[in-house]
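Examining the three-dimensional arrangement
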Amino acid sequence: MNRKILTLCIVHQDDRVLLGMKKRGFGMGKWNGFGGKVQENESIEAAAKRELFEEANIQVQELEQLGLLDFSWSKNPDQILQVNIFKATQFTGIPTETEEMKPEWFSIKDIPYEKMWADDIHWIPLFLENKKFKGNFIFDDNNNVLEYRLD
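The text that follows walks through the structure, step by step, so that each part is easy to find. (Residues numbered from 1 in each chain as written. Predicted model: local features only at pLDDT ≥ 70, side-chain atom pairs only at ≥ 80, totals over all residues. Heavy atoms only, no water.)

Some words on the packing of aromatic side chains
The description of an aromatic ring pair uses the distance of the two centres, along with the angle that the planes make with each other. This model, assessed by the stated rule, comprises 11 aromatic pairs. Between the aromatic rings of F26 and W73, the centroid separation amounts to 6.1 Å while the plane-to-plane angle is 70°, which identifies the pairing as edge-to-face. Highlighted residues: F26 in the loop between β2 (16–22) and β3 (31–32) and W73 in strand β4 (residues 64–73), separated in sequence by 47 residues. F26 sits in the exposed class, given a relative accessible area of 55%. Judged by its relative accessible area of 16%, W73 falls in the buried class. Residues W123 and F127 carry aromatic rings whose centres are separated by 6.3 Å and whose planes lie at 80° to one another, so their mutual orientation is edge-to-face. (Phe/Tyr/Trp six-rings, centres within 6.5 Å; stacked < 30°, edge-to-face > 60°. Helix = DSSP H or I, 4+ residues; strand = E, 2+ residues; numbered from the N terminus. Buried < 20%, exposed > 50% of the residue type's maximum accessible area, 1.4 Å probe, protein only.)

A few points about the pairing of strand β7 (residues 133–139)
Burial along β7 is one-sided: F133, G135, F137 and F139 are buried, while K134, N136 and I138, pointing the other way, are not. Pairing between β4 and β7: seven bridges, direction parallel. Counterpart to L68 in the pairing with β7 is K134. Inspection of the sheet shows β7 paired to strand β8 (residues 145–150) by five bridges, in the antiparallel sense. Looking across to β8, one finds that F137 is bridged to Y148. Taking the residues between adjacent antiparallel strands as the criterion, β7 and β8 are bridged by five residues, where N143 takes a positive phi near 65°. (Pairing = 2+ DSSP bridges.)

Let's talk about helix α1 (residues 44–56)
The terminal C-alpha atoms of α1 lie 18 Å apart, and with 13 residues this matches the ideal 18 Å at 1.5 Å per residue to within 8%. Regarding α1, the residues found buried are A47, A48, R50, E51, L52, E55 and A56. One or two positions beyond α1, positive phi appears at N57, with a value near 65°. (Expected span 1.5 Å × (residues − 1).)

A short note on the side chain of Q82
Assignment of secondary structure puts Q82 in strand β5 (residues 76–88). A relative accessible area of 15% means that Q82 is categorised as buried. The contacts of Q82, once residues within four sequence positions are left out, are R3, K4, I5, L6, L68, L69 and D70. (Contact = heavy atoms within 4.5 Å.)

This is the structure in structure tokens:
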């Protein structure tokens, strides 16, 4: 089994969230939180802070880990993406477009689920309620959710 450890951070303030339009690579064309790979000798939390800075040009002091999700695809079930999901509520800097992402604020009533990963609609409501969650999602070749479990 090949497990890749990743981070995902969403900034949540009042009744809005900061998402980024992925401009290249895996997930291109989708709205998502900010995150990516954990580097060697880097803590998961440090990776989440670094990725948020690299992708949106903002810095956070405090993160709260709310979720841990495993993602796999039916065609390649031994390749698992383990995503550590963090919430940030305070930051410094101004969210700025980078080569990777174009940040934008969304009202929590207007989250663009139809332009996001198919799993997001299942766990983001838990995230917004500050609930801790764990689970796994299995996708088909077209990135549709075949099955999932959330606790």
